[in-house]
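Residues per chain, in single letters:
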Amino acid sequence: MSDIRTLGEFIVEKQSDFPHASGELSSLLGSIKLAAKIVNREINKAGLVDITGSVGGQNVQGEDQQKLDVYANDKFKAALEARDQVCGVASEEEDEAVAFNKELNRNAKYVVLMDPLDGSSNIDVNVSVGTIFSIYRRVSPVGTPPTEEDFLQPGHQQVAAGYIIYGSSTMLVYTTGNGVHGFTYDPSLGVFCLSHENMRIPKDGRIYSINEGNYIRFPLGVKKYIKFCQENVPEDDRPYTSRYIGSLVADFHRNLLKGGLYLYPSTATHPSGKLRLLYECNPMAFLIEQAGGLASDGQNRIMDLKPTELHQRVPFFVGSTNMVRKVESFLEMYPDQE
Ligand code: AHG
Ligand code: MN
Ligand code: MN
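Throughout this description, residue numbers start from 1 for each chain and increase along the sequence as written. As they are written, the chains are lettered A onward and the ligands numbered 1 onward, keeping that order. Owing to the predicted nature of the model, reporting of local features is limited to residues with pLDDT of at least 70; listing and counting of side-chain atom pairs is limited to 80 or more, with chain, interface and lining totals taken over all residues. Note: side-chain values were computed over all heavy atoms of the structure, leaving out hydrogens and water.

Side note on the UniProt feature "domain: Fructose-1-6-bisphosphatase class 1 C-terminal" (unreviewed entry) in the protein chain
- Annotation from UniProt places "domain: Fructose-1-6-bisphosphatase class 1 C-terminal" (unreviewed entry) at residues 201-331.
- Counting secondary structure, residues 201-331 comes out at 36% helix and 12% strand; the distance between its end C-alpha atoms is 23 Å. UniProt positions are given in the numbering used here, feature names are shortened, and annotations may be inferred rather than shown by experiment. Note on conventions: DSSP H or I runs of at least 4 residues are helices, E runs of at least 2 residues are strands, and numbering of each starts at the N terminus.

Pasting the structure below:
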């Protein structure tokens, strides 16, 4: 019993790690924890939808049912607004950034960017999904509504980032720039318990994760890299293993624990790839660097990119350091013909 450290206790314990600690960031993380529990409860019931009424239709009480990504968006937004530490949020589910209007919120120091439900196409088939979040200190003056500049900060300015994975267990994994820590949810206690302190990704890995169905549209360097992964070179532990869930959070989580590389490159039809810089790639980049790995767009460090739009996409290569370096070298060696 005495060995159990809850997320709440851990956050308070680590509060002094922040240069300007005053409990606000701890309170903010507490609101994310609360929303995660609510969304977890709903996701666990997702399979019952066929019995109790279909999503988008009406439930047995005759109430309209929301899609889970809209539900998750609403719950995270409400939890973040309620604690008064956040002046605004940007979300995959919102076209524009949302400013919180209460005076207490206008006086808040932080903005949050989020993907409230990542991997949503996996919900219907009982496969892991997630939530991703990214936290910045605002650059606009306290007391005013947040501005575009608050949301378009480069990833290296993040003060905290993390994800929740709703999987065979539900976990919350986060960093505030002092390592990456993972907490597993105990539904009987209703608490997240510290289960993975100071997570580190192996420098080398032998898992590659990519939607290979898009092979024909990949840049030449990525095609060559995939063939490199598949070569029979036993002394180099090749061929590697291919694993792709289709939920970034789940693919990332596995590779973080085991070592590996997640790739979502540009394609002939989507020149900037699919994933969103601000609420998918930057938070994962902060986590992976804190765990000893790397995140790249193929040439540049993800967290050094200067965002220009809220929903901008970027090619994404994230994981074990030596694997990211290797795919970068392939992209350099085999530039695409014009
Ligand atoms: P979201 O559900 O938030 O739209 O994100 C889906 C993303 C990401 O989770 C996943 O890795 C990727 O899309 C899968 O894309 P493909 O189906 O093109 O492989
Ligand atoms: Mn997503
Ligand atoms: Mn999403």
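What about the side chain of S26?
- For S26, the position within the fold is in helix α2 (residues 24-44).
- On the accessibility criterion, S26 (10% relative accessible area) is buried.
- We call two residues in contact whenever any of their non-hydrogen atoms come within 4.5 Å of each other. Contact partners of S26, with chain neighbours within four places excluded, come to I11 and Q15. Exposed residues in this analysis have more than 50% of their type's maximum accessible area, buried residues have under 20%, and partly exposed residues fall in between, with area computed by a 1.4 Å probe over protein chains only.

Here's the deal with the coordination of the manganese ion (ligand 2)
- Atoms are scored as donors when they are N, O or S and lie within 2.8 Å of the metal, with 3.2 Å used for Na, K and Ca; no water is included, so coordination may look incomplete. Protein coordination of the manganese ion (ligand 2) is provided by D115 (OD), D118 (OD) and E280 (OE), with donor distances spanning 1.9 to 2.2 Å.
- Within one chain, the residues donating to the manganese ion (ligand 2) are spaced in sequence as D-x2-D-x161-E.
- The metal-metal distance between the manganese ion (ligand 2) and the manganese ion (ligand 3) is 3.8 Å, with D115 coordinating both.
- The buried category is assigned to D115, whose relative accessible area is 0%.
- Judged by its relative accessible area of 5%, D118 falls in the buried class.

A short note on the packing of aromatic side chains
- Between rings of Phe, Tyr and Trp, where Trp is taken as its six-membered ring, a pair exists when centres lie within 6.5 Å; planes separated by under 30 degrees are stacked, by over 60 edge-to-face, and by other angles tilted. Evaluated as defined, the whole model comprises 10 aromatic pairs.
- Residues Y185 and F192 carry aromatic rings whose centres are separated by 4.9 Å and whose planes lie at 45° to one another, so their mutual orientation is tilted. For the pair formed by Y185 and F192, the shared burial category is buried.
- Summarising the aromatic geometry, the rings of F228 and Y240 are spaced 6.3 Å apart at their centres and angled 85° between planes, so their arrangement reads as edge-to-face. Remark: Y240 occurs in the loop between α7 (220-230) and β10 (241-242) and F228 occurs in helix α7; sequence separation between them is 12 residues.
- Site record: aromatic cluster; members linked through ring pairs are Y225, F228, Y240, F330 and Y334.

As for the packing of α7 against helix α10 (residues 321-333)
- Running from amino to carboxyl end, α7 crosses α10 at an angle of 130°, the nearest separation of the two axes being 8 Å. As far as their axial angle goes, α10 and α7 are oblique. Here α7 runs over α10; the crossing is right-handed. Residue-level contacts link G221, V222, K224, Y225 and F228 of α7 to M323, K326, V327, F330 and L331 of α10. To obtain an axis, a line is fitted to C-alpha atoms, over the contacting stretch when the element is a helix, and the angle between two such axes runs from 0 to 180 degrees between their N-to-C directions. These descriptions rest on fixed angle ranges, namely under 35 degrees for roughly parallel, over 145 for roughly antiparallel, 65 to 115 for roughly perpendicular, and the rest for oblique. Here a crossing is called left-handed whenever its near helix is offset anticlockwise from the far helix by less than a right angle, and right-handed whenever the offset is clockwise.

Overview of the nonpolar core
- Nonpolar cores were defined as sets of buried Ala, Val, Leu, Ile, Met, Phe, Trp, Tyr and Cys residues, with membership established by side-chain atoms within 4.5 Å. Ranked by size, the top nonpolar core spans 39 residues in total, and within it L28, F76, L80, I135 and Y174 carry the most contacts.
- Examining the composition of this core, we find that eight residues originate from one element, α2, more than from any other.
- Excluding residues that lie within four positions of it along the chain, I135 makes contacts with L25, L28, L29, I32, Y110, V111, V112, Q158, V159 and A160.
- Among the nonpolar cores identified, the runner-up in size contains 32 residues, and M199, I288, A295 and L305 belong to it.

Details of the coordination of the manganese ion (ligand 3)
- The protein atoms that coordinate the manganese ion (ligand 3) are E92 (OE), D115 (OD) and L117 (O), at distances of 2.2 Å.
- In the primary sequence, the donor residues of the manganese ion (ligand 3) line up as E-x22-D-x1-L.
- Take E92: its relative accessible area is 30%, and that puts it in the partly exposed class.
- According to the relative accessible area criterion, L117 is buried, its value standing at 3%.

Some details on the pairing of strand β13 (residues 316-319)
- What you see with β13 is no split at all: F316 and V318 on one side and F317 and G319 on the other are buried throughout.
- Strands are labelled as partners when DSSP assigns at least two bridges between them. Where strand β11 (residues 261-264) lies against β13, four bridges are found, and the strand directions are antiparallel. Counted as the bridge partner of L263 is F317 from β13.
- By the bridge criterion, three bridges tie strand β12 (residues 294-296) to β13 in an arrangement that is antiparallel. Across the sheet, residue A295 finds its bridge partner in β13, namely V318.

Some thoughts on the site of ligand 1
- The cutoff for a nearby residue is simple: one of its non-hydrogen atoms must lie within 4 Å of the molecule or strand. Looking at ligand 1, there are 16 residues lining it, with D118, G119, Y244, Y262 and Y264 nearest.
- For this analysis, a polar contact is any N or O atom pair within 3.5 Å, provided that within protein one partner can donate a hydrogen and the other can accept it, and provided that sequence-adjacent residues contribute only side-chain to side-chain pairs. Taking N211, its side chain carries an N or O atom lying 2.8 Å from an oxygen atom of ligand 1.
- Note that an oxygen atom of ligand 1 is positioned 2.9 Å from one of the backbone N or O atoms of L248.
- Isolated, ligand 1 exposes 470 Å² of accessible area, and the fraction of that covered by the protein chains is 81%.
- Residues are sorted three ways: Asp, Glu, Lys and Arg are charged, Ala, Val, Leu, Ile, Met, Phe, Trp, Tyr, Cys and Pro are nonpolar, and all the rest, Gly among them, are polar. Of the residues contributing to the shell around ligand 1, the split by class is six nonpolar, five polar and five charged. Shrake-Rupley sampling with a 1.4 Å probe provides the accessible areas, and residues are treated as covered by the protein chains on show and by no other component.

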